[in-house]
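# Examining the three-dimensional arrangement
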Amino acid sequence: MFDIFLRLNISLRQLHQFAVVARELHFGRAAAQLHMTQPPLSMAIQSLETSLGVRLFERTNRQVSLTEAGTAFLTEVEQIAEKLDLAVNRAKKVSAGEEGEIRLGVLPSCSVLPEVLRTVRKERPGLAIDLREATTAEQLALIRDRRIDAGLIRPPVAYPEDLEHLVVATQPLVAALPDDHHLSKLPAIPIDAFRQERFIGTPTDNANGLHGRISALTAASEFEPNVVQVVREIPTVMALVAGGLGVSIIPKSGLETGYSGVTIRPIEMPAGAPPPEIALWLAWSRHNGREPLHGFLEALRPTLT
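Residues numbered from 1 in each chain as written. Predicted model: local features only at pLDDT ≥ 70, side-chain atom pairs only at ≥ 80, totals over all residues. Heavy atoms only, no water.

In this section: the overall build of the chain. Counting its regular elements, the chain contains ten helices and twelve strands. Relative to the globule expectation of 19 Å for 305 residues, the C-alpha radius of gyration of the chain, 33 Å, shows a markedly less compact shape. Principal axes of the C-alpha set define a box for the chain whose edges measure 105 × 35 × 30 Å. Taking the contacts inside the chain whose residues are at least 6 apart along the sequence as the reference set, 74% of them involve residues at least 24 apart. Accessible surface computed for the chain: about 16500 Å², of which carbon and sulfur atoms make up 53%. (Helix = DSSP H or I, 4+ residues; strand = E, 2+ residues; numbered from the N terminus. Rg over C-alpha atoms; globule rule 2.2 N^0.38 Å. Contact = heavy atoms within 4.5 Å. Areas by Shrake-Rupley, 256 points an atom, 1.4 Å probe, with all protein chains shown as cover.)

This next bit is on the pattern of salt bridges. According to the stated counting rule, one finds eleven salt bridges in the structure shown. For Arg29, the salt bridge identified is with Glu24, shortest N-O distance 3.3 Å. For Arg29, a relative accessible area of 44% corresponds to the partly exposed category. Through salt bridges that share partners, Arg103, Asp149 and Arg290 make up one connected network. (Salt bridge = Lys/Arg side-chain N within 4 Å of Asp/Glu carboxyl O. Buried < 20%, exposed > 50% of the residue type's maximum accessible area, 1.4 Å probe, protein only.)

Attention shifts here to the packing of helix α2 (residues 12-24) against helix α5 (residues 68-95). The axes of two packed helices give the description: the angle between them and the distance between them. Relative to each other, α2 and α5 sit at 125°, their axes nearing to 10 Å. The angle between α2 and α5 places the two elements in the oblique class. Note on packing geometry: the crossing formed by α2 with α5 is left-handed. Residues Leu12, Leu15, Phe18, Ala19 and Ala22 of α2 touch α5, and the partners they reach there are Gly70, Phe73, Leu74, Val77 and Leu84. (Axes fitted to C-alpha atoms, helices over the stretch in contact; angles between N-to-C directions. Parallel < 35°, antiparallel > 145°, perpendicular 65-115°, else oblique. Left-handed = near helix turned anticlockwise from the far one by under 90°.)

Before going further, it helps to examine the packing of aromatic side chains. For any pair of aromatic rings, geometry is given as the distance between the ring centres together with the angle between the planes. Under the criterion given, the structure shown has four aromatic pairs. A ring pair is formed by Phe18 and Phe73, whose centres lie 5.1 Å apart and whose planes are at 55°; its orientation type is tilted. You can see Phe18 sitting in helix α2 and its partner Phe73 sitting in helix α5, a full 55 residues away along the chain. What makes Phe18 buried here is its relative accessible area of 0%. Measuring from centroid to centroid gives 6.1 Å for Phe27 and Phe57, while their planes differ by 65°, and the two rings are edge-to-face. (Phe/Tyr/Trp six-rings, centres within 6.5 Å; stacked < 30°, edge-to-face > 60°.)

Turning to the environment of Glu277, a few remarks are in order. Counting through the fold element by element, Glu277 comes out in strand β12 (residues 277-285). Those residues in contact with Glu277, other than ones at most four positions away along the chain, are Thr170, Gln171, Pro172, Leu173 and Arg213.

A few words now on helix α4 (residues 38-52). Residues spaced three or four apart along an α-helix face the same direction, because each turn holds 3.6 residues. Over its 15 residues, α4 extends 21 Å from the first C-alpha to the last, a length consistent with the 21 Å expected when each residue adds 1.5 Å. Turning to α4, its buried residues are Leu41, Ser42, Ala44, Ile45, Leu48, Glu49 and Ser51. (Expected span 1.5 Å × (residues − 1).)

Moving on: the pairing of strand β4 (residues 127-133). Looking along a regular strand, one sees side chains alternate from face to face of the sheet. Where strand β3 (residues 100-106) and β4 come together, seven bridges link them in parallel fashion. For Gly100, the partnering residue across the bridge sits in β4 and is Leu127. Since β3 and β4 lie parallel, the crossover through helix α6 (residues 113-123) that links them has a hand, and here it is right-handed. (Pairing = 2+ DSSP bridges. Right-handed = clockwise from strand over helix to strand, strands pointing away.)

Soluble globular proteins: nonpolar side chains tend toward being buried together. By size, the foremost hydrophobic cluster in this structure holds 23 residues, and its most contacted members are Leu104, Leu152, Val168, Leu282, Trp284, Phe296 and Leu300. Where this core is concerned, the elements lending two or more residues are β3, α6, β5 (150-153), β6 (163-178), β12 and α10 (291-300). Looking at this core, the element that brings in the most residues is α10, giving four residues. Excluding residues within four positions of it along the chain, Leu152 makes contact with Leu104, Gly105, Val106, Leu107, Cys110, Leu113, Gln139, Val168, Leu280, Trp281 and Leu282. Counting 20 residues, the second largest nonpolar core, distinct from the first, contains Ala19, Val20, Leu41 and Val64. (Core = buried A, V, L, I, M, F, W, Y, C linked by side-chain atoms within 4.5 Å.)

Take a look at the structure:
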């Protein structure tokens, strides 16, 4: 594409000089505008005409005018200038994190996603967001392999040293009970009440922060829940609870109220115990230098902690 400049031995400088002369139709005024003397400008235009093999200007002692070829060439040169201006502006916007694509991992049923998207669209309308639904463990691997730029995750039990994060939200942990369960009549469920219950748990893998938070709550009452089923996704937990297979503890996101057959209640903790809550993080690698990621973070940072 760009070998035409070498093949014809022309430069953007010559195209600029031609456009100024074409607008002024006066070599003296054009030379002054270009901050050069007239003889070098005349030589540059003659060189351009030689390279193109066409006459661009009609010259007499009294006036300068464009030939038909010169008029056609001017139209194309102006389009080249406009395209180049757009290219420069686009490069600057991408470099500033105002345009480009951000690859974002999200947890299934991520309740804060709409607000994140609204904020980014308002602050960085030129950023395109490519969403990938994945668990926390999967997102950590994707961040490590640079297959996503950032992820909305639950805080893992342990995480890579290069992982940076912002707290997006802190959500209460609530009890999920079958509608006909005897505890569902209580306004709040003491954590100790789970001691004798069949419990729907989450995986114990290193990246599952929900399991760690539940373990901290039950440890405060010195017991381990009687886990009868382990599932990864909250919708599956809710389905099992609705089916009467057991009770569970889940993050309160506003989405859990739509499940028929499940009663949601707050959890009561003993004095001095950790609060029944869990954070949601926006996480990324500090070694990821992509400009769209920086723009994405700058858009969200003022709204986060």
